[in-house]
Amino acid sequence: MSHESTQKIQLTVDEHSVTATNGELLIDILYREGIKIPSLCYSPGLSCTGSCRACLVEVQGSRISLPACEITVTNGMQVTANSEALEKDRRVILSMMLEHYVDSDFDASSIEHTELGYWLRRYELTPTLKSQKPRFSADSDPHPAIRVDLNKCILCTRCIRACNDVQGRFVWGLSERSDNTKITAGMDEHMLDAGCESCGACVAYCPTDALSDRNAPLGLETDEKVMTTCAYCGVGCNFDLNIKDGHLQYVTSNPHAPVNGMHLCVKGRYGFDFVHHPDRLTQPMVREWLLQGAERTDKNDRGKWVAVSWEQALDIVAQRFSRIIDESGSDSLAIFSSAKCTNEENYLMQKFARQVIGTHNIDHCARLCHSSTVAGLVASFGSGAMSNTMADVAEQSQALFVIGSNTTEQHPVFGSMIRQAVHQRGAKLIVADPRNIDLTEFATLHLRQKPGTDIALINGIMHLIIKNDWQDDHFIKTRTEDYETLSESLSKYTPEYVSQITSVPIDAIVEAATILGTTKPMAVIWAMGITQHIVGVQNVLSLANLQMLTGNMGIPGAGVNPLRGQNNVQGACDLGCLPNVFPGYQQVTNPDSLSKFSNAWALSNRAQLFSQKQGQTITEMVDNSLTGSIRGFYILAENPIMSDPDVNHVRQAMANAEFTVLQEIFPSETADYADVLLPGVTFAEKEGTFTNTERRIQLIHDAVISPGEAKKDWVITAELAKRILAHRQQKPVGSFANWDYQSAAQVMDEIAALTPSYAGVSHARLHQGEQLHWPVKDKLHPGTPILHVKEFSRGKGLFHATEHLSAKELPDEDYPLCLTTGRVLYHWHGAEMTRRSQPLLALYPETLVEISLKDASRLGIDEMQMIRIVSRRGYMVARANISDRVPLGLIFGNFHFPDQANVNNLTINELDPVAKIPEYKVCAVRIETDI
Ligand code: SF4
């Protein structure tokens, strides 16, 4: 930043002295100082047009009034923002805006809910009422979430700039001229046909309700706005829940949201009607035979559900879990925690597993998405998390290497930030992905490697970097070890050899190496395209090698940036919901950690709380249910019947389990295999914290009345823990052994006391608006936005030699196509929430499988034809989406729809040997059309 741009200056506004930064826009200063003047075309965060001229001010020395949104302030400037003449001019300007404005919904009592309405009332102007003939239909676009009423459009063009500047989609434009000028989607199309991604940025910035939320009653007065954190992806956007009578009405942007500002994606803005869905679980339920103290007799039929009281349900769970422990030991129970739930709830789940049950058999969905990231980065650097922040990557990277991340669909707000980096400041973007994902549209270079060949590609790039002497010798020498091991291992990865393995042209490999080797800072961004392979850990080690080789660690705009999937998967890992670590990644095999937690959670009558041997992973626990060594499950808000690989195998395993407790908000697909259902609550009904992908810890708030007898998940877990301890006559005696929590804040205090990386975190600090990225070492520590600045967590970074290894199951004569899997923009994971959101379901109502035109023609498949896809493990039925997003020989499916529509009927349960993550990204299939 230049000296000029940070220099403080003084100016006078309406005779008051104001301090500003040299080069600021006058309108921003007026906003900051609380000086309210209309500014209908200008909005912070958008480019400026100065077209509406409502923000006119007088500047000494200027003959005419000037729009404040076009004035860059200088030292000593004297401004008049309010005068009789200006008021008169603004009234005239606002009246002119109303010339074609027709408000068929006009209601004087609620007019102020729009920005224009506020100024109309302030200047005592009335819009043309419904008696006037409107020029357009009051609802002219069939978009399921956005209502378009061009009669209310004042041509401020904020929607056009929001779509261009923020979302990078260019859907809106102006068409026709003079009196007929109007905003138009695409070439006068419907929004979705014009490439709209339904993020609603145009709605958020519209000052008039010309574009509005279709599902929010126009002009509805709500009781309060409650700022919270999104419950979908790891970006961690904040927004306002608009609440009336304890009911969530709709979501709006909050300009103070630290990660996302005004921006949200379609799920964050329109995907929360599931909170009040009639499917919500409202009362504890148990299978009928449990009430009779009997045993299940039919393995394939768990019997009828019966609604019971909380007392009855928790007693049954306590008795059955105690019996299993007594008969088969603590390790015969499996605990699945949830990346959808808060840090406090995850902490309590692993405390429950370890202290109350006595097992390290605790895991969660990180096993299925980023366990290889954690293992790989810990081996390279000593810490398994994203090293930089999304803002510094988006604002400072000169080159971005996105590999195995469909960022615009899976982390959409960060995806838009990447688009902005390319559009607005010319950052170079390399996308490596077998599919032609949306981000490739903006890429300098698209490397279309064959699925499962990432190591060869990355090694080939590093081979050329070393060959051209582009490596950062100083960084390698001072910050790393074992460089020779790496450089020797790379000698065989010549462009020719790599091109043979990956199918990426030699020229493209050379160009990628040139950009990545010579542009700094350079950030690597990845997601499950890298991690979900039998070589997931090796893939991550390769990327860590690349960033050390080029000296792109510990500086802004660079680093390793694995994008965590679920909203709180980072936190669930941090808080020890893994079978090998206590909170803060303190190893269960480390005697010091073991004694620390044994003492903190000590119980009477139990000399040893848990063993020093790590527990089982999700995939192992499911497998061991089939052998009978796992007899019971306690599952919090996870849906293995949708999300685990080879779900026919999972169905058998879950059917075999003797006793399963599911704590959920809906009767998910896993509920069919449960014996007790405990009704939990959504993110909008509880307090606590989520940790986003960049290690930022953020609050959520209790804003909505829960249905029926549903309870907060942390309360349920604590009550169950107390009941089991009482049943087993074990009293808490350690300093943090009891379960009498009064609030989630109190749980966070316990976390801080036992977890060095969260030592300085408290709800009080977060309520004060502090932005904390862990590690937060003490109550005064400001947090750590960038990791590994001076040294790595393990001291020196460690290079590893990695070798290409083919995927476990490649296409052959019987199964000639390669299947890869993932998610789509409009749904999330097993889609328990998004399938219960009316706008999201309308936007993507059923499973589609992408297939190339050549494969479709060869197989005689028409667009949207139903096809059966078969693997060695099962089949799925879906509509064919003929698309150039997939190359010849590759098809792509998702796991958002249940039963026959789930791609996980096909996926293979082959695991990375270290991280135990399944190979979701590659298996062999064939297509059948005779259905
Ligand atoms: Fe929510 Fe992620 Fe969308 Fe942000 S980008 S609104 S966190 S789903």
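Within each chain, residues carry numbers counting from 1 in the order of the written sequence. Note on the predicted model: pLDDT of at least 70 is required for a residue's local features to be given, and 80 or more for side-chain atom pairs to be given and counted; whole-chain, interface and lining totals, by contrast, use all residues. Side-chain metrics in this entry use all non-hydrogen atoms of the structure; hydrogen atoms and water are not considered.

1. A closer look at the site of the ligand
Residues are labelled near a given molecule or strand when at least one of their non-hydrogen atoms is within 4 Å of it. In the neighbourhood of the ligand, the contacting residues comprise C230, Y232, C233, G236, C237, L264, C265, G268, P412 and V413. By the convention adopted, Pro, Cys, Tyr, Trp, Phe, Met, Ile, Leu, Val and Ala count as nonpolar, Lys, Arg, Asp and Glu as charged, and the other residues, Gly among them, as polar. In terms of residue class, the shell around the ligand is built from eight nonpolar, two polar and no charged.

2. Observations concerning unusual backbone geometry
Look at the link from K520 to P521: it is a cis peptide, with omega at -5°. Secondary structure elements are defined from DSSP: runs of H or I of at least 4 residues count as helices, runs of E of at least 2 residues count as strands, and each element is numbered from the N terminus. With respect to the helices and strands, P521 occurs in the loop between α20 (506–518) and β21 (522–526). The residue after W774, namely P775, is reached through a cis peptide bond having omega 0°. Within the secondary structure layout, P775 lies in the loop between β30 (772–773) and β31 (797–798). The backbone of D209 sits at a positive phi, close to 75°, despite the residue not being glycine.

3. Examining the packing of helix α5 (residues 158–167) against helix α15 (residues 412–425)
Lines fitted to C-alpha atoms define the axes here, with helix axes fitted over just the stretch in contact, and angles between the N-to-C directions of these axes take values from 0 to 180 degrees. It is the contact of α5 with α15, at a shortest axis distance of 7 Å, that shows an interaxial angle of 95°. In this view, α5 runs roughly perpendicular relative to α15, as classed from their interaxial angle. The segment α5 lies against α15, with D165, V166 and Q167 engaging S416, R419, Q420 and Q424. Here the contact of α5 with α15 is built from residues that sort into one nonpolar, four polar and two charged. Working definition: roughly parallel below 35 degrees, roughly antiparallel above 145 degrees, roughly perpendicular at 65 to 115 degrees, and oblique for all remaining angles. Note on contacts: a residue pair is in contact if any heavy atoms of the two residues lie within 4.5 Å.

4. A look at empty space enclosed by the protein
Cavity: a set of points on a 1 Å grid over the protein atoms alone where a 1.4 Å probe fits but cannot get out. Pocket: an open set with protein on both sides within 12 Å along at least five of seven lines, its lining residues, like those of a cavity, having an atom within 4 Å of a point. Grid points are joined across faces, edges and corners, and a volume is the space filled by probe spheres set on the points. According to the stated counting rule, one finds seven cavities of 30 Å³ or more in the structure shown. The calculated volume of the largest cavity comes to roughly 590 Å³. Around the largest cavity sit 40 residues that line it, and M528, Q532, T821, G822 and K921 are the ones nearest its centre. Only α11 (366–369), α21 (528–531) and β32 (817–822) provide two or more residues apiece to the lining of the largest cavity. With three residues, the single largest contributor to the lining of the largest cavity is β32. Split by residue class, the lining of the largest cavity holds 13 nonpolar, 18 polar and nine charged. In terms of lining residues, the second largest cavity is bounded by 18 residues, among which K340, A637, I665, V681 and T682 are the most central.

5. So, the sheet that holds strand β5 (residues 78–80)
Paired strands, as defined in this entry, are two strands with at least two bridges between them according to DSSP. Read from one edge of the open sheet, five strands run β2-β1-β5-β3-β4, paired in mixed fashion. Because the sheet does not close on itself, it has two edges, and the strands there are β2 (16–21) and β4 (66–67). Taken strand by strand, helix α3 (residues 84–97) contacts β3 (56–59) and β5, and its axis lies near 150° from that of β3.

6. Comments concerning the pairing of β21
With respect to burial, β21 is a largely interior element, five of its five residues being buried. Burial along β21 is two-sided: M522, V524 and W526 facing one way and A523 and I525 facing the other are all buried. Pairing geometry for strand β17 (residues 399–403) and β21, over five bridges, is parallel. Its bridge partner lying in β21, L400 is registered against A523. Where β21 lies against strand β22 (residues 560–562), three bridges are found, and the strand directions are parallel. By the bridge assignment for β22, W526 is matched with P562. The classification of residues rests on relative accessible area computed with a 1.4 Å probe and restricted to protein chains. Under 20% of the type maximum is buried, over 50% is exposed, and intermediate values are partly exposed.

7. Topic: the layout of surface pockets
Here the idea is plain: a probe the size of a water molecule rolls over the atoms and shows the empty space left. Computed from the structure, the second largest pocket encloses a volume of approximately 850 Å³. Taken together, 37 residues make up the lining of the second largest pocket; nearest its centre are V378, G382, S383, G384 and Y585. Counting only elements with at least two residues in the lining of the second largest pocket, the list comes to α11 and α12 (371–381). Residue contributions to the lining of the second largest pocket peak at four residues, all from α12.

8. Thoughts on the side chain of H788
Positionally, H788 belongs in the loop between β30 and β31. Not counting residues up to four positions away in its chain, the partners in contact with H788 are F381, S383, S387, R479, M553, G554 and S793.

9. What to know about the packing of aromatic side chains
When the centres of two rings from Phe, Tyr and Trp lie within 6.5 Å, Trp using its six-membered ring, the rings pair. Their planes under 30 degrees apart give stacked, over 60 give edge-to-face, and anything left gives tilted. For the coordinates displayed, the defined rule picks out 26 aromatic pairs. Between Y232 and F274, the aromatic rings sit 6.4 Å apart at their centres with planes inclined by 70°, giving edge-to-face as the arrangement. In this pair, Y232 is assigned in the loop between β10 (224–229) and β11 (238–244) and F274 in the loop between α7 (266–270) and β13 (285–287), connecting sequence segments 42 residues apart. The same class applies to Y232 and to F274, which are both buried. Taking the centre distance of 4.9 Å and the plane angle of 40° together, the rings of F272 and F683 count as tilted. With F272 in the loop between α7 and β13 and F683 in the loop between β27 (676–679) and β28 (685–691), this residue pair connects regions lying 411 residues apart in the sequence.

10. Observations regarding the environment of M833
Considering the arrangement of structural elements, one finds M833 in the loop between β32 and α31 (838–843). In contact with M833, other than residues within four places in its own chain, are A231, Y232, F274, K340, I665 and F666.

In short, geometric facts, not functional conclusions.
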